[in-house]
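# Chain and residue survey
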Amino acid sequence: MAEIADIWFDASCPYTWITSRWLLEAAKVRPIEPRWHVLSLAALNEGRDDDPEGDPEGYLWIPARVCAAVAAKAGQEALGRFYTALGTRFHERGEMEERTFTDALADAGLPEGLVAAAESADHDDAIRASTAEGIGKVGPHIGTPVIAVGETAFFGPVMSRIPRGEDAGRLWDGTLLVAGIPSFHELKGRPHAEPDFS
């Protein structure tokens, strides 16, 4: 029987994209069922004096709002499809045109009219609530993504490449093992590298 892996993601983050693709790779070799949730860096950083994401225009609300509209209209499985379509266009192809969101909605088999949520605050409270739920799994010192499996929850892992096949499965096993230790706090690896989506 598959274990539920809840993932809270910000669709604009390239490292979160890599982690989400790793989760899908791991699900090919381990009994994992991903469930998708919005975690907005815009909502997380709301009210701060500084701007850690460098987003003075509030662009980060746009993908979060469309994701929240998809979740509200069609559910978590549809949100996963949309995130895959949007992330493929945005992170892997570098598409940032006006039609990127509507094209991704069409790719995911969803109504293109959901793009109207991008310019509306109608889903902002739901975004804030989902973000708070995800952050609450680990603590306020983290960002995106958050993954929870039962009582075990963790931020990341942050990677610059997507592990494939059994490498993805072994990383899943090890991550759950380490994150499942109640006193575990932090583990870091090599220095930061630019994302590689291959």
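Each value, and the rule that gives it
Per chain, residues are indexed from 1 in the order of the written sequence. Local features are withheld for residues below a pLDDT of 70 in this predicted model, meaning they are given only at 70 or higher, and side-chain atom pairs are given and counted only at 80 or more; totals for whole chains, interfaces and linings count all residues. Values shown for side chains rest on all heavy atoms present in the structure; no hydrogens or waters enter the calculation. Helix numbering and strand numbering both begin at the N terminus, where a helix is a DSSP run of H or I of at least 4 residues and a strand a DSSP run of E of at least 2. In this treatment the radius of gyration is a C-alpha quantity, and the globule benchmark scales as 2.2 Å times the residue count to the 0.38 power. Throughout this description, buried means an accessible area under 20% of the type-specific maximum (1.4 Å probe, protein chains only), exposed means over 50%, and partly exposed covers the range between. Whether two residues are in contact is decided by their heavy atoms: any pair within 4.5 Å suffices. Note on definitions: the grid is 1 Å and covers protein atoms alone; a cavity is a set of points where a 1.4 Å probe fits but cannot get out; a pocket is an open set with protein on both sides within 12 Å along at least five of seven lines; lining residues have an atom within 4 Å of a point. Grid points are joined across faces, edges and corners, and a volume is the space filled by probe spheres set on the points. Three categories are distinguished: nonpolar for Ala, Val, Leu, Ile, Met, Phe, Trp, Tyr, Cys and Pro, charged for Asp, Glu, Lys and Arg, and polar for the others, with Gly belonging to the last. Any two strands with at least two DSSP bridges between them are considered paired. We call a crossover right-handed when, viewed with the strands running away from us, the connection from the first strand over the helix to the second turns clockwise. One less than the residue count of a helix, multiplied by 1.5 Å, gives the span that helix is expected to have. Stacked, tilted and edge-to-face are the three classes applied to pairs of Phe, Tyr and Trp rings, where Trp contributes its six-membered ring and a pair requires centres within 6.5 Å; stacked means planes under 30 degrees apart, edge-to-face means over 60, and tilted covers the rest. Any Lys NZ or Arg CZ that is within 6 Å of a ring centre and within 35 degrees of that ring's normal is treated as a charge sitting over the ring.

### Let's talk about the overall build of the protein chain
When helices and strands are counted, the protein chain shows 7 helices and 4 strands. Helices and strands in the protein chain line up, N terminus first, as β-α-β-α-α-α-α-α-β-β-α. Over its C-alpha trace the protein chain gives a radius of gyration of 16 Å, about what one expects of a compact globule, namely 16 Å for 198 residues. Seen along its three principal axes, the alpha-carbon backbone of the protein chain occupies a region of about 40 × 40 × 30 Å. Burial status across the protein chain gives 48% buried among its 198 residues.

### Structural notes on the side chain of Ser20
Turning to its location among the elements, Ser20 is positioned in helix α1 (residues 14-29). What makes Ser20 buried here is its relative accessible area of 0%. Not counting residues up to four positions away in its chain, the partners in contact with Ser20 are Ile7, Trp36 and Tyr83.

### Some remarks on the layout of surface pockets
Of the volumes computed, that of the largest pocket is approximately 1,400 Å³. Of all the elements in the fold, those that place two or more residues in the lining of the largest pocket are β4 (152-155) and α7 (165-179). For the lining of the largest pocket, the element with the highest residue contribution is α7, accounting for 5 residues. Its residues assigned to classes, the lining of the largest pocket shows 19 nonpolar, 11 polar and 5 charged.

### Points about the pairing of strand β1 (residues 3-9)
The buried fraction of β1 amounts to 5 of the 7 residues, a majority that puts the element mostly inside the structure. Summarising the sheet, β1 and strand β2 (residues 32-38) pair through 7 bridges and their orientation is parallel. For Ala5, the partnering residue across the bridge sits in β2 and is Pro34. Following the backbone out of β1, through α1 and into the adjacent parallel β2, one traces a crossover that is right-handed.

### Overview of helix α3 (residues 61-74)
At 3.6 residues per turn, the α-helix brings residues three or four places apart onto the same side. For α3, which comprises 14 residues, the first-to-last C-alpha distance of 20 Å matches the rise-based estimate of 20 Å (1.5 Å per residue) to within 8%. Counting buried positions along α3 gives 10 out of 14 residues, so the element sits mostly inside the fold. Downstream of α3 by one or two residues, Gly75 has phi in the positive range, about 95°.

### Describing unusual backbone geometry
Omega for the peptide link from Thr144 to Pro145 comes to 0°, which places this bond in the cis form. By the secondary structure assignment, Pro145 is in the loop between α6 (124-136) and β3 (146-149).

### Some remarks on the packing of aromatic side chains
Considering all chains together, one arrives at 5 aromatic pairs under this definition. With centroids separated by 6.0 Å and ring planes inclined at 80°, the aromatic side chains of Phe9 and Trp36 adopt a geometry described as edge-to-face. Here Phe9 is found in strand β1, whereas its partner Trp36 is found in strand β2, with 27 residues between them in sequence. Of the two residues, Phe9 and Trp36, neither departs from the other in class, the shared state being buried. Relative to Trp172, the ring of Trp22 has its centre 5.7 Å away and its plane inclined at 50°; by these criteria the two rings are tilted. On the criterion of sequence distance, the pair formed by Trp22 in helix α1 and Trp172 in helix α7 is long-range, its members being 150 residues apart. Across the pair, exposure class does not vary: Trp22 and Trp172 are buried alike. Taken together through their ring pairs, the aromatic side chains of Phe9, Trp17, Trp36 and Tyr83 make up a single cluster. Residue placement shows Arg21 over the ring face of Trp17; its charged tip is 3.9 Å from the ring centre.

That is the geometry; function is a separate question.
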